[in-house]
Amino acid sequence: MIIMFNSDEPIEGINEDLLNRGKFVKQLSNSIINYDFNKPLVLGLYGEWGSGKSSIINMTTKIIEDENKKNKKNENIKIIKFNPWNYSEQNNLLLQYFNCLDNTFNSKNEKENKAKDLLNKYFNNISKQIYKDKNDELFYKLKLNEYLNRIKNDVTFEKLGVNLGNIFSRDESNQTLSSLKKDFTDFLEGTNLKILVIIDNIDRCNNLEIKQIFQLVKSIADFPRITYLLSFDNKLVLKSLKNSHMIFSDKYLEKIIQVSFNVPSVRPNTVLNVLIKEIDSILQEYKIKFIKPESFSFFNYFKPYINNIRNVNRFCNLLKFELPIIKDDICINDFLLISLLNLFEPDIYEEIKDNKSFFAPNYNIFEFATNKKQNETENVNFLENLLNNEEYKNKENIKGILSYLFPIVKYTFEKIPFPEPESFKKDSRICLKQSFDNYFTLNLSDDDISNRQIQLIIESSNDKETFKNYILNLDEDKLIPIFLEKLNYLELDSSKWNISIIIETLLDYSDLFWEENIYFRYNTNSELLTTLYDTLLKSIKKQEERFNILDHAIKNVEKSVYSYVNLINKLHLNSKKFSNRENSENELIVNLEQLESLKDLASQKINSTPIDLLLKNKYSHFILIIWSYWAKKEDLTEFFKKIEKKNEYLIKFITLFKDSNFDPKQIGLDLVYNPLHFNLQAIEKYGNILNIINKLKDIFAGESIKDNEDINRFLEEAQKYCEKNLK
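Source: prediction; values computed, not measured.

*Asks:* Is there a simple way to explain the nonpolar core in this structure?
*Replies:* Buried together is how nonpolar side chains tend to be arranged in soluble globular proteins. Counting 142 residues, the largest nonpolar core has F302 and F406 as its most contacted members. When neighbours within four sequence positions are excluded, F302 is seen to be in contact with L272, L275, F315, L336, L337 and L340. Within the second largest apolar cluster, 47 residues are counted, among which are L93, L101, L118 and L238.

*Asks:* How do you make sense of the side chain of S231 when you look at a structure like this?
*Replies:* Within the secondary structure layout, S231 lies in strand β4 (residues 226-232). Given the relative accessible area of 0%, S231 is considered buried. Of the polar contacts made by the side chain of S231, one reaches the side chain of D200; its length is 3.1 Å. Excluding anything up to four places from it in sequence, S231 contacts L45, K53, I57, I199, D200, N201 and I202.

*Asks:* Would you mind going over the sheet that holds strand β1 (residues 41-46) with me for this structure?
*Replies:* The strands making up a sheet associate through backbone hydrogen bonding, with each pair oriented either parallel or antiparallel. Spatial strand order, β2-β3-β4-β1-β5: 5 strands in an open sheet with parallel pairing. Each having just a single partner strand, β2 (77-82) and β5 (259-262) make up the two edges of the open sheet. The average angle at which neighbouring strand axes cross in this sheet is 20 degrees, direction not considered. Two elements, β2 and strand β3 (residues 194-199), share 6 bridges in a ladder whose sense is parallel. Bridge pairing in β3 links F82 to I199. The strands touched by helix α1 (residues 22-34) are β1, β2, β3 and β5; relative to β5, the strand with the most contacts, the crossing angle is about 165 degrees. Packing against the sheet, helix α8 (residues 207-220) makes contact with β1, β3 and β4, and its axis sits at approximately 160 degrees to β4.

*Asks:* For this particular structure, what's the right way to read helix α11 (residues 268-285)?
*Replies:* Note: α-helices contain 3.6 residues per turn, so residues at a spacing of three or four share the same orientation. With 18 residues, α11 should reach 26 Å at 1.5 Å per residue; the first-to-last C-alpha distance of 26 Å fits that figure. Where the residues of α11 are buried, they touch α12 (309-326) and α13 (332-344). Of the residues trailing α11, K287 is marked for its positive phi of about 55 degrees.

*Asks:* Before we go on, may I ask you to explain the packing of aromatic side chains in this structure?
*Replies:* The description of two aromatic rings rests on the distance between their centres and on the angle between their planes. All told, the structure shown has 36 aromatic pairs when counted by the stated rule. A centroid spacing of 5.2 Å and a plane angle of 70 degrees characterise the contact between F321 and Y470, whose relative ring orientation is edge-to-face. Of this pair, F321 sits in helix α12 while Y470 sits in helix α23 (residues 464-476); the two residues are 149 residues apart in sequence, bridging distant segments of the chain. For the pair F321 and Y470, a shared accessibility class is recorded, and that class is buried. Members of the aromatic cluster, joined through ring pairs, are F82, Y97, F98, F105, Y122, F184, F223 and Y228. The ring of F413 carries the charged tip of K399 above its face, separated from the ring centre by 4.7 Å.

*Asks:* Can you walk me through the packing of helix α3 (residues 93-104) against α8 in this structure?
*Replies:* Axes are the key here: two packed helices are described by the angle between their axes and the distance separating the axes. Packing of α3 against α8 leaves a shortest axis separation of 10 Å and a crossing angle of 45 degrees. Looking at the two axes, α3 sits oblique to α8. In this structure, α3 meets α8 at a crossing whose hand is right-handed. Of the residues in α8, those in contact with L93, L94, Y97 and F98 of α3 are E209, Q212, I213, L216 and I220. Along the lines of polarity and charge, the residues of the contact of α3 with α8 split into 7 nonpolar, 1 polar and 1 charged.

*Asks:* Can you walk me through the pairing of β3 in this structure?
*Replies:* Consecutive side chains along a regular strand alternate between the two faces of the sheet. Burial of β3 is extensive: 6 of the 6 residues sit out of reach of the surface. Of the two faces of β3, the one holding K194, L196 and I198 and the one holding I195, V197 and I199 are both buried throughout. Bridge count between β3 and β4: 5 bridges; the pairing is parallel. Looking across to β4, one finds that I195 is bridged to I226. As a crossover connection, the stretch from β3 through α8 into β4 is right-handed.

*Asks:* How should the side chain of S575 be read in this particular structure?
*Replies:* Topologically, S575 is positioned in helix α28 (residues 562-577). A residue is classified by how much of its surface remains accessible, and S575, at 10% relative accessible area, is buried. Side-chain polar atoms of S575 contact the backbone oxygen of H572, separated by 2.5 Å. Not counting residues up to four positions away in its chain, the partners in contact with S575 are L588, L592 and L595.

*Asks:* Explain unusual backbone geometry to me, please; I cannot follow it from the model alone.
*Replies:* A negative phi angle is the norm for most residues apart from glycine, just as the trans form is the norm for most peptide bonds. Residues other than glycine seldom take positive phi values, yet K287 does so here, at roughly 55 degrees. Residue position: K287 is located in the loop between α11 and α12. For K287, a relative accessible area of 79% puts it in the exposed group. You will see that K478, though not glycine, has its phi angle at about 60 degrees, which is positive. In this structure K478 comes out as partly exposed when scored by relative accessible area, which is 47%.

*Asks:* Teacher, can you tell me more about the pattern of salt bridges here?
*Replies:* Should their charged atoms come close, side chains of opposite charge can pair. All told, the structure shown has 21 salt bridges when counted by the stated rule. Across the pair K353 and E350 runs a salt bridge, and its minimum N-O distance is 3.2 Å. A residue pair is termed a helical-turn pair when its members lie 3 or 4 positions apart in one helix, as K353 and E350 do in helix α14 (residues 346-354) at 3 residues. According to the relative accessible area criterion, E350 is partly exposed, its value standing at 27%. We note a salt bridge from E558 to K559, for which the minimum N-O separation is 3.9 Å.

*Asks:* Please explain α8 as it appears in this structure.
*Replies:* Look at α8: 19 Å from first C-alpha to last across 14 residues, which is about the 20 Å you get at 1.5 Å a residue. Among the residues making up α8, those that are buried are E209, I210, K211, Q212, I213, F214, Q215, L216, V217, S219 and I220. Capping of α8 at its N-terminal end is provided by N206; its side-chain oxygen lies 3.2 Å from the backbone amide nitrogen of L208.

*Asks:* Even after reading the chapter, I still don't get a negative patch on the surface, so can you show me in this structure?
*Replies:* A cluster of like negative charges, contributed by D347, E351, D354, E390 and E391, occupies part of the molecular surface. For D347, the position within the fold is in helix α14.

*Asks:* Where do I start with the confidence of the model for the protein in this structure?
*Replies:* Predicted coordinates in areas of low pLDDT are best not read in detail. The pLDDT averaged across the protein works out to 78; a share of 78% of its residues lies at or above 70. Across residues 130-174 the pLDDT falls below 50, and counting only partners more than four positions away or on other chains, this stretch makes 76 contacts in the model. Here residues 660-675 scores under 50 on pLDDT; set against residues more than four positions off or in separate chains, the count is 42 contacts.

*Asks:* How do you make sense of the environment of L479 when you look at a structure like this?
*Replies:* Inspection of the secondary structure assignment puts L479 in the loop between α23 and α24 (480-489). Judged by its relative accessible area of 1%, L479 falls in the buried class. Remark: the alpha-carbon pair of L479 and F513, spanning 34 residues in sequence, is separated by 9.6 Å.

Basis of the calculations
Residues numbered from 1 in each chain as written. Predicted model: local features only at pLDDT ≥ 70, side-chain atom pairs only at ≥ 80, totals over all residues. Heavy atoms only, no water. Core = buried A, V, L, I, M, F, W, Y, C linked by side-chain atoms within 4.5 Å. Buried < 20%, exposed > 50% of the residue type's maximum accessible area, 1.4 Å probe, protein only. Contact = heavy atoms within 4.5 Å. Helix = DSSP H or I, 4+ residues; strand = E, 2+ residues; numbered from the N terminus. Polar contact = N/O pair within 3.5 Å; in protein donor to acceptor, adjacent residues only side chain to side chain. Pairing = 2+ DSSP bridges. Axes fitted to C-alpha atoms, helices over the stretch in contact; angles between N-to-C directions. Expected span 1.5 Å × (residues − 1). Phe/Tyr/Trp six-rings, centres within 6.5 Å; stacked < 30°, edge-to-face > 60°. Lys NZ or Arg CZ within 6 Å of the ring centre and 35° of its normal. Parallel < 35°, antiparallel > 145°, perpendicular 65-115°, else oblique. Left-handed = near helix turned anticlockwise from the far one by under 90°. Nonpolar A, V, L, I, M, F, W, Y, C, P; charged D, E, K, R; others polar. Right-handed = clockwise from strand over helix to strand, strands pointing away. Salt bridge = Lys/Arg side-chain N within 4 Å of Asp/Glu carboxyl O. Patch = residues over 30% accessible without salt bridge, like charges linked within 9 Å, V, L, I, M, F, W, Y side chains within 5 Å. Areas by Shrake-Rupley, 256 points an atom, 1.4 Å probe, with all protein chains shown as cover. Lys, Arg positive; Asp, Glu negative; His and termini not counted. Charge placed at Lys NZ, Arg CZ, Asp CG, Glu CD. pLDDT = per-residue confidence, 0-100.

Printed below as a string of structure tokens:
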């Protein structure tokens, strides 16, 4: 059975809404539709994470788009959805925003083409005044953002213009920033354009980026005919602004947001009804029934935690993940409540798991507790210490759940007689010693994952999307290393595995996997993956089938580079080990001709990868060195020609080879790093060392190279290296 997890994606239309927010959405949509857009306007939609802000935005957008279809084309509201979180930590929020705004205008329309021209002049003036080297576009864009991050609390454009003007007053056409902005503003005022810019997930950005977004909408891009709808958690943003040394952050925000709305609150029973319907559907699917029909009061334990749809989905996904394996060994009532604690009160959950002897004792202990005053006191002390934590906001609710699950707790708090053991023994209740462990079989603790769960994940490989989601969830929980380690030594039934999908998925995503220290190369993800690939491929008898799997997987890799570079390196090294043995080629994963084909394919993919993305890869240091070990000279030369086209590429390329004095043959073993040396042998495979020396000297002409420690060190070592080789 393929498990379909609940998606955490926001809904799109009012017809999907389960929380009765349609009236609010229609009012918000109509307010925007009926606004004349003559003056800049900033709207704020406030709500906590999971409260449904993105769903409200999607529903609002859908209504506006439907209204657009009824109107004349020149009366339509153009909608721009700008998600700053997509560009977080990339230092290019401003650039990306102006690109989005520019793309909104139709170049085939005379008026909109004029708008594009004026907008580009305005933005280019800002950018080029921050960094004057027009041939180094990336650098002046970075400098621009560095400058914006230094702007103080005053967000008026006049103040901003003065600050910029103090640094660079005019461009080639002798127009000031203020006059260029006025040209664009005057032009927009003479049009009937209506543009709605929606900026969501602001609260997920860092402090500087949040401040930068507000400066953007109120100072740099506060244009007529443009309305902004900003969506964020008000409390988190105010906290962020205070962290940016804004004492009066609430006043600052009021100055930015002209009209604010709060996401409408949802009645607790509304969300609870959604949860009950979801649980009922899951139980019907697995043919599970409650011990007895439960009143609505049973679900009152859920109210403090299930207060939004996101938590409904989280809880139901946990049930879907675990129930298929343990449904025959548990009481569903108990499992629902212990799962609730697992998800929302993990400390209590761990205490229960670690104290089996208290929560699920032998019945003679029950009798002893009933008759001995001393044991009663000990029980009270234990439970009071358990609940004595100021972080527990729902102590009475926790106490109620524990009393429902465990007779020892109910007796201790309420002083009632124990029920007859036979009354719950047949139902596999959690309070029974012999049933207790069943409820924790699939517990995903911080540092472990069960064998049965590993089997379930691997067996899901017949559906690529499901397997991918499992893997990404493991990575999010930082469980990939333990998953790979266990998978390599467990003797699991592989008859139900789809080896092709497993290898393709892992190759595609493994560069993105969390890894505690990528510079400690023994038993890391890459080594564990290499061992796994070897095991999986050897389970296939024919080399041709193995080759086809690898060829298909590498062709379809989109998100990783190091994954396939390292895999091919292992195949290459193994081919060298067997080269002197008779019939050795038959012992290889693929034959030598197939290996060369895979090397060529990998080199083509590397050379087709944008240079800036490759240089940003967290494994770029290893990629370039390992690739140089087995790649053809012409492929390395082709790559280096692209590196030489931009100065920043060459500088970054050189620095990637520092502290890397190791032999690629030793990957997988402890490496020796020498902070005093560059790996010049590897660099030389890409380009002539002497030419690189001269190129760097030209780049830093007029500057003191000694001010750049890395480049200075490289030049000194490279010069000695060349002199030695010329002798």
